[in-house]
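# Inside the fold
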Amino acid sequence: MKNSMVFEIIKKEIRDVVRDKKTLVMMIVVPLLLYPIMFGFLMTMEDSMLNVEQSKINKFGFAFEPDALFGAILEEAEIQKTVGPEEELKSKFENGELDAYITLEGKTFTIYYTQQNTNGIMSLRLATGLIESYKKAVQVQILAENGLAPDEFFDVYTIEEKDVSNKDVLTEMMLGMIPTFILMTATLTAVFAAIDMTAGEKERGTLETLLTFPLKNGDIIYGKFFATSICTVISSVVGFVSMYGVLYVLSGKLDSFREMELLTAKSFVLALILFVLYAMLISALAIMIASKAKSFKEAQNSTQPLAFVSLIPLFLTMMGTKLSASLAAVPFINVYLLLNDIISNTVNMQYFAIVAASTIVFIFIVLKAVTKLYKSDKILFS
Amino acid sequence: MIEAKELRKQFTRQDKHKKKTAFYAVDGVSFQTEPGQVLGILGANGAGKTTLLRMLAGIMEQTSGSVEVDGQNYKQNAIEIKRKIGFLSGNTKLYNRLTPHELIQMCGKLYGIKRSVVDRREQEILKLLNLEELQNARIGNLSTGQTQRVGIARLLVHDPKYYILDEATTGLDVISSQIILDFIKDEKQNGKTILYSTHYMEEAENICDRVLMINHGKVIETGAPQRIKELTNTTNLRDAFFRLIGGVSNEE
C-alpha cells in the first residue's frame, strides 16, 4: 500500500461524494438540522408534559351524589364536581368539559379516563387518590363508631420514598437518546457513502477505469475505506455537536432539564475518539457488504441489516445492560454502551481501551476480507 | 512487446436449473504484438474479446497461460506494466462528477508523474483535443463526443507505450467514432502499439495492420487483413470471418 496513492483515492472519492446531493444531504443536512430539531422537540414535549399543573385537572363528573364525607374531600381538593346521569357525563367528557368521570355500582367505583393524553393519566391518579381518601375516611368512621382506635389498624407501617439516583430519570433518558441518534447518523452516512463508492462506482462503470491504474487492491480499498470513514466522522461530529448544542441551549431554558450535568472536556474528547472508531468500523462493514452488490439498488437492500444491527445495542440499553469487561470486546454493543457512559461522564478508561482495541482488530479483519474480495472477478465484473 | 502465451480464462455459468457449468471464455490464445502496429482483435459479441483484453491490461487474472509486457509479467510487476498501458473500453467510464482538469490531474498522480510534468502535459493534451474551454466543466454535463475526447485525454496523460482499446467505438455516433479512429491513426504514427478489439469488421479492415479473429474464445485466424481475405477467398473481413466460422455467427 502506497500512502500517496491512497491519498489520491481518498481525494477522488470525497470529491465525488460531496458532489452528490443525496449523499451530502444525508451526511450534513440531516445530522445538522433534522436530528437536533427532533431532539429539541422531544425535550420540549417532555418538559411541557411534566409541567402540566395538576391543579388544572380538577373537573370531575359523578354519576351519583357524593355524600357529605366525600363532598368534604372533594371540596378540600378543590375539585369542580358535576353530578348527573352517566350518559350526560360521558358526553361532557368526550367534549373535553370533564377530565374524568366516576360511577358507583354497589361498592365499586369506576373511573372513566383516557390514556390518549398525559392529562388522562394524571386524572386517573387524582381520582384514585380521592377515592382512596374517601375509603379511608369511611373506614375510620366505621372503626370509631365501633369504639376502635383507627391508628391500631391504619398506619401500622409508614413508607418513605427517597430517590438515590444521581440524575433524574428524564435527563438520563434524553442523554441516552444521543448515542442512538449519533450512531444511526454514522451508520446511514457510512452506508450511503460506501454504496456510492463501491456498487455505485461499479454501476457507473468507473470501477474498471480505476482498475486500469497502477494501483494495488489495498490502495483502492484503503482509499475508499478512509474516504467513507471521513464522511462518517464529519456526519457524526456535526450530529453530535448540533444535538448537544440543542441540549445545552434547552437545558438553560426548560425547567425539567435545569439540573442536567453537561459533558466534561474529557468526555467530549473521548466521544470524538469513539466516533472515529465507530465510523471506521461501520465504514469497513458497509464497504464489504456493498462491494458484493452488482448495483446501487442491490447494495441498498443488502446493507439494510446494518441499520438494524446498529439498533440492537439500543435494546440492550433499554434492558438495562451496562458495559462490562467482556461486553467491551463485543463490536457494536461495546461502542454504544461506552458512548452511554461517556455522555453520562461515567467512563471507565480500562473499558475504553478494550473497546478501542477490539474495534481496531475487527476493522482490520474486515478490511483484509474486502481486499481479498477485490481479487474476485465475480465482485469486480459481475 | 505484448506477448500472450496459451492464455485461458475459465468462468462458470448457471442454467435455469441452477446447475453450474465451467466454460472457457478465452481458450489457449497466443500472439505477439509488433511495435508501431495496430493489432485488431475481431470477433462477434461473446467471442471472448473483452475478457482477453482485460487479462492483457492486468485488470483480470488469467486461469492459465501468461501475459508478458516487455518481458515482465503481472505477477512480478503489475504496477510497472500498468504504467505502460492505456486501457479504454466501452465499460471504462469517466467520473461524471469531476472536471476534465481534475481527472487529468488525478490520472497523472495515480501514474506517479511529477506535478510539473502533469501540468505541462495537461495543457498540451487539452489543446490537442480542443478541450481547453471545457476543462472546468463537469464531465457529466459534456456531450458524447466531448466525453470521448476527455476519455482519450485520460489515456494520453501518462504517454503509454501500448494502447488497449476494447470496443471503444461501440454505441458511438459517426463523429464520436471518428475521434477514436483518428486517435488510433495518430498514435500509430507516433510509433505506439495498439490492440484494438471490435466487431465492426469494416472498421478493423481500415485501421489494423494485423488481425486476430477469435470465436468461442479460440483464435480462428491471424494475419494481415489482405492475407486473410486471400486465404478465405473473400473480398472483405466480414465475409472472411463468416467463412472461417462456417457461416454461423455466435449471435445466431
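For clarity, every value in this text was computed on a predicted model and none was experimentally measured.

When you go through chain A residue by residue, the secondary structure sums to 16 helices and four strands. The C-alpha atoms of chain A give a radius of gyration of 30 Å, which is well past the 21 Å a tight globule of 382 residues would have. Along the first, second and third principal axes, the C-alpha atoms of chain A reach 100 × 45 × 35 Å. In chain A, buried positions account for 37% of the 382 residues. Partitioning the intrachain contacts of chain A with sequence separation of at least 6 by distance along the chain shows that 74% fall at a separation of at least 24.

The partner chain A presents 19 residues to the 20 residues of chain B that form the contact. Taken together, the elements giving at least two residues each to the side of chain B that touches chain A come down to α2 (74–82), β6 (85–89) and α3 (100–110) of chain B. No other element matches α3 of chain B, which puts four residues into the side of chain B that touches chain A. Its residues assigned to classes, the side of chain B that touches chain A comprises eleven nonpolar, three polar and six charged.

Attention shifts here to the confidence of the model for chain B. Residues and elements named next belong to chain B. Across chain B, the average pLDDT comes to 87, with 97% of residues at or above 70. Looking over chain B, one finds the lowest element-wise mean pLDDT in helix α6 (residues 174–189), namely 82, and the highest in α3, namely 93. Here residues 248–252 scores under 50 on pLDDT; set against residues more than four positions off or in separate chains, the count is nine contacts. In the model output, the complex is listed with pTM 0.77 alongside ipTM 0.87.

Let us look at the environment of lysine 20 of chain B. Residues and elements named next belong to chain B. Among the secondary structure elements, lysine 20 is positioned in strand β2 (residues 20–32). We classify lysine 20 as exposed; it has 8 C-beta atoms within 10 Å. Those residues in contact with lysine 20 that lie beyond four places of it in its chain are Thr12 and Gln14.

This part takes up the environment of methionine 45 of chain A. All names here are of chain A. Note that methionine 45 resides in helix α2 (residues 21–50). Overall, methionine 45 belongs to the exposed group, with 11 C-beta atoms counted inside 10 Å. Considered as a pair, methionine 45 and proline 305 are 260 residues apart in the sequence and their alpha carbons are 31 Å apart.

Residue and element names in this part refer to chain B. Relative to strand β4 (residues 64–69), strand β1 (residues 2–14) is paired through five bridges, and the arrangement is antiparallel. Counterpart to arginine 8 in the pairing with β4 is serine 64. Sheet topology note: the β1/β2 ladder contains ten bridges and is antiparallel. Within β2, the position partnered with threonine 12 by the bridge is alanine 22. In this structure, the hairpin formed by β1 and β2 is closed by a connection of five residues, where lysine 18 is found at a positive phi of approximately 65 degrees.

All names here are of chain A. In this structure, glutamate 78 is a non-glycine residue whose phi angle is positive, near 55 degrees. Within the secondary structure, glutamate 78 is located in the loop between α3 (68–76) and β2 (80–83). Judged by the 8 C-beta atoms lying within 10 Å of it, glutamate 78 falls in the exposed class. A positive phi angle is found at phenylalanine 332, which is not glycine, with a value near 70 degrees.

Residue and element names in this part refer to chain A. Across its 25 residues, helix α15 (residues 349–373) extends 36 Å between first and last C-alpha, which sits within 8% of the 36 Å expected from 1.5 Å per residue. Buried within α15 are the following residues: Ile354, Val355, Thr359, Phe362, Ile363, Val366 and Val370. Buried residues belonging to α15 abut α10 (217–253), α11 (265–292) and α14 (333–343).

Residues and elements named next belong to chain B. Most of strand β9 (residues 210–215) sits inside the fold, with five of its six residues counted as buried. Here strand β3 (residues 38–42) pairs with β9 via four bridges, running parallel. Paired with glycine 40 across the two strands is valine 211, which belongs to β9. Here five bridges tie β9 to strand β10 (residues 218–223), and the two strands are oriented antiparallel to one another. For methionine 213, the partnering residue across the bridge sits in β10 and is glutamate 221.

What follows concerns the sheet that holds strand β3 (residues 100–105) of chain A. Residues and elements named next belong to chain A. Pairing is mixed in the open sheet, where four strands are placed in the order β2-β1-β3-β4. Where the open sheet ends on each side, the last strands, each with one partner, are β2 and β4 (108–112). Pairs of neighbouring strands in the sheet enclose a mean axial angle of 25 degrees, with direction left out of account. Across three bridges, the pairing between strand β1 (residues 59–62) and β3 is parallel. In the sheet register, phenylalanine 60 faces β3, and the bridge partner there is alanine 100. Relative to β3, helix α4 (residues 86–94) is tilted by about 160 degrees, and along the sheet it contacts β1, β2, β3 and β4.

Here we come to the nonpolar core. Core analysis: the biggest nonpolar cluster contains 146 residues, and Leu274, Tyr278 and Ala286 of chain A together with Leu56 and Ile164 of chain B have the highest contact counts within it. Formed by 15 residues, the second largest nonpolar core is a distinct cluster that contains Phe60, Ile79, Leu89 and Leu126 of chain A.

About the criteria used
Residues numbered from 1 in each chain as written. Chains lettered and ligands numbered in written order. Predicted model: local features only at pLDDT ≥ 70, side-chain atom pairs only at ≥ 80, totals over all residues. Helix = DSSP H or I, 4+ residues; strand = E, 2+ residues; numbered from the N terminus. Rg over C-alpha atoms; globule rule 2.2 N^0.38 Å. Buried ≥ 20, exposed ≤ 12 C-beta atoms within 10 Å, placed from the backbone. Contact = placed C-beta atoms within 7 Å. Nonpolar A, V, L, I, M, F, W, Y, C, P; charged D, E, K, R; others polar. pLDDT = per-residue confidence, 0-100. Pairing = 2+ DSSP bridges. Expected span 1.5 Å × (residues − 1). Axes fitted to C-alpha atoms, helices over the stretch in contact; angles between N-to-C directions. Core = buried A, V, L, I, M, F, W, Y, C linked by C-beta atoms within 7 Å.

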